[in-house]
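# Topology and contacts: notes
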Amino acid sequence: MVNEFDEILNECLERLATGETIDQCLQSYPEQADELRPLLQTALVVKKASAIQPRPEFKARARYQFRSALQEAASRKSRPVFGWLPHWATVTAIVIGILLLGSGVVAASGYSMPDSPLYSLKIATENAQIALTRSDLGKAELNAKFADRRVTEIVYLANKGYDGRIDDVTQRLDEDLTMLASRTSAGEAAEAPKALMAPAPTIAPTPAPVPPQAPLPEEEPVLGMDSGSGRGQLNKQDELKVTVEQSAADNIAALQAALDKAPESAKPALQRAIAIAEERYQRAIEALE
Amino acid sequence: MHRITIAANRKGCQVQNEEGLVRRAQQEPEAFAQIYEAYFDKIYRYIVVRIGSEAEAEDLTQQVFLNALKSLSSFKWRGVPFSAWLYRIAHNQVVDYLRKKAKHATESLDGMVKAVVSNDNPQMELERKVDIEQVLLATKRLTEAQREVISLRFASELSVAEAAKVMGKSEGAIKALQHSAIVALRKALISESENG
């Protein structure tokens, strides 16, 4: 049996949630007003205090790790098909597959940071993933994911005081976001990224060129990365837009937070990273419209 | 007498969309990213209020989503919203954490539950800004069930119906628990303000 006062209290809580004031609620229940008022005041205080937001750095790190786990899960679920690839790419794919299955090194490299010996393997694996993904939208999804990684790496470098390496990673962030925009622009072929950064990249960051494709078996997905075409394509593009908008907000907030705490020596590089992230994310979101 | 009409099915539309999304995520894990974005902050707040620590809540929140991803294929639609399933994972994570923490606890909360404050203090200073630390401290004086209902209703903003699904109780029981939790919180906050 439901207690009447419990019902009244709950109704008032719901009304407060829709923007009504305590006095408006109490007007409906004058006989219970004395008992209700302090409870509603308490509820408002608790609700206000409970509106805690996770730290941007934590959100960026958590998203990066979660996306890595998603990618791993997607890879396990998919059936790789290499028939459409030319010989060199097939061999590359098989070698990578053997590495993935036969050792934890590649998996471990996914979490490596730019000061790790495994970092170059991480970048090479990313480039291979791009090359082995068929559709532009699939590639763009990867670019978005890799951009998240770059931001996490920049924040990591800033925290560690390795300011000399931030520009290199920012260069890759620039390229990932530029490729993301160009791959999702209607009617535009993927164009070479226009680097804003003065220093030349130390690792060739541009995704490997995709060779001319042989006719494809229509029903076969490729490594679980592709979005296919037709009806699903639009939905996936909408999803990607939501993801990129969210990433843009979180990543820029994470970089700003890192800037606030960074040593003076790292601030110029971080400011360049923020400027590039803001401009490139804006362009990518416009391209996804 | 007013009848309750406002809260009913407030999120019905969202749940319908969610069902399609979850079904797709079971086939294509990457679709789970949208669910992650929709629930991340809410689950984080739920855990913060449950355990009373923002720092510890970070790792637990992350683990909730990794566990959900691992178990996603086993999720079946049986009239229970996906959010209830997700919060159950978060609940289990919190219970595990609290159990481990209790083993290493050096302080007892027993003594903290003794505060009994008169309700006839009309000018109570609750209008002043009460920061999160005070509220989190106050929630430690609640029972586990009271703390959970506060987490679900105020931190995660779930409806009574959703909270009932998460906690496996009737809606009436949730309303009663909510009432007792607010009363207990009020006493705890008054006690804190008097002590310090």
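Keep in mind the model is a prediction, meaning the values are calculated, not measured.

Rules used throughout
Residues numbered from 1 in each chain as written. Chains lettered and ligands numbered in written order. Predicted model: local features only at pLDDT ≥ 70, side-chain atom pairs only at ≥ 80, totals over all residues. Heavy atoms only, no water. Helix = DSSP H or I, 4+ residues; strand = E, 2+ residues; numbered from the N terminus. Buried < 20%, exposed > 50% of the residue type's maximum accessible area, 1.4 Å probe, protein only. Contact = heavy atoms within 4.5 Å. Areas by Shrake-Rupley, 256 points an atom, 1.4 Å probe, with all protein chains shown as cover. Axes fitted to C-alpha atoms, helices over the stretch in contact; angles between N-to-C directions. Parallel < 35°, antiparallel > 145°, perpendicular 65-115°, else oblique. Left-handed = near helix turned anticlockwise from the far one by under 90°. Nonpolar A, V, L, I, M, F, W, Y, C, P; charged D, E, K, R; others polar. Core = buried A, V, L, I, M, F, W, Y, C linked by side-chain atoms within 4.5 Å. Salt bridge = Lys/Arg side-chain N within 4 Å of Asp/Glu carboxyl O. Buried area = accessible area lost by both parts, 1.4 Å probe. Polar contact = N/O pair within 3.5 Å; in protein donor to acceptor, adjacent residues only side chain to side chain. Phe/Tyr/Trp six-rings, centres within 6.5 Å; stacked < 30°, edge-to-face > 60°.

Attention now moves to the overall build of chain A. Of regular secondary structure, chain A possesses 11 helices and zero strands. Walking chain A from its N terminus toward its C terminus, one meets helices and strands in the order α-α-α-α-α-α-α-α-α-α-α. A burial count over chain A gives 53% of its 289 residues as buried. Expressed as a percentage of contacts within chain A between residues at least 6 apart in sequence, the contacts between residues at least 24 apart total 71%. When the accessible surface of chain A is split by element, carbon and sulfur atoms take 56% of a total near 13,100 Å².

The helix and strand tally for chain B stands at eight helices and zero strands. Listing the helices and strands of chain B from first to last along the sequence gives α-α-α-α-α-α-α-α. Per-residue burial for chain B yields a buried fraction of 51% across its 196 residues. A total of about 9,500 Å² of accessible surface is found on chain B, and carbon and sulfur atoms cover 50% of it.

Residues and elements named next belong to chain B. Axis separation between helix α6 (residues 144-155) and helix α7 (residues 160-167) bottoms out at 10 Å; the angle between their running directions is 135°. Relative to α7, the element α6 lies oblique. Between α6 and α7 lies a crossing whose hand is right-handed. Every residue of α7 that contacts α6 at A145, E148, V149, L152 and R153 is listed here: V160, A163, V166 and M167. Residues belonging to the contact of α6 with α7 are distributed by class as follows: seven nonpolar, no polar and two charged.

What follows covers the nonpolar core. If you look at the biggest cluster of nonpolar residues, it comprises 82 residues, and the most contacted ones within it are L36(A), L40(A), F32(B), I43(B), I47(B), F82(B) and I150(B). Here the element with the most residues in this core is helix α2 (residues 32-51) of chain B; it accounts for 13 residues. The residues touching F32(B), leaving out its near neighbours within four places in the chain, are F66(A), L70(A), A25(B), F65(B), A68(B), L69(B), L72(B) and F82(B). Formed by 38 residues, the second largest nonpolar core is a distinct cluster that contains I154(A), V244(A), A273(A) and L288(A).

Let us look at the pattern of salt bridges. Tallied over the entire structure, the rule returns 32 salt bridges over all chains. For the salt bridge of E37(B) with R63(A), the shortest nitrogen-to-oxygen distance reads 2.8 Å. Highlighted residues: E37(B) in helix α2 and R63(A) in helix α4 (residues 56-77), drawn from two different chains. Side by side, E37(B) and R63(A) carry an identical accessibility label, which is buried. With a shortest N-O distance of 3.2 Å, R99(B) and D96(B) are connected by a salt bridge.

Taken together, the contact pairs 53 residues of chain A with 53 residues of chain B. Summed over both sides, the interface of chain A with chain B buries roughly 4,900 Å², with 62% coming from carbon and sulfur. Put simply, K175(B) and E7(A) hold a salt bridge, and the shortest N to O gap is 3.0 Å. For the interface between chain A and chain B, the tally reads 16 residue pairs in polar contact (both at pLDDT 80 or more). Looking at the side of chain A that touches chain B, the elements with two or more residues in it are α1 (4-17), α3 (33-49), α4, α8 (136-160) and α10 (231-261) of chain A.

Once that is clear, we can look at the packing of helix α9 (residues 166-184) of chain A against helix α11 (residues 267-288) of chain A. Residues and elements named next belong to chain A. Two elements in contact, α9 and α11, have axes whose closest approach is 8 Å; the angle formed by their N-to-C orientations is 10°. What the angle tells us is that α9 and α11 run roughly parallel. Here I166, D167, T170, L173, D174, L177, T178, L180, A181 and T184 of α9 come into contact with α11, specifically with A269, L270, R272, A273, I276, A277, R280, Y281, R283, A284, A287 and L288. Among the residues making up the contact of α9 with α11, the classes are represented as 14 nonpolar, three polar and five charged.

What follows is about the packing of aromatic side chains. What the rule picks out here adds up to 13 aromatic pairs over all chains. For the pair F66(A) and F65(B), a centre-to-centre distance of 6.2 Å together with 80° between the ring planes defines the contact as edge-to-face. One end of the pair, F66(A), is in helix α4; the other, F65(B), is in helix α3 (residues 54-71), on a second chain. By relative accessible area, which is 2% here, F66(A) ends up buried. F65(B) gets classed as buried once you look at its relative accessible area, which sits at 0%. Measuring from centroid to centroid gives 6.2 Å for F32(B) and F82(B), while their planes differ by 85°, and the two rings are edge-to-face.

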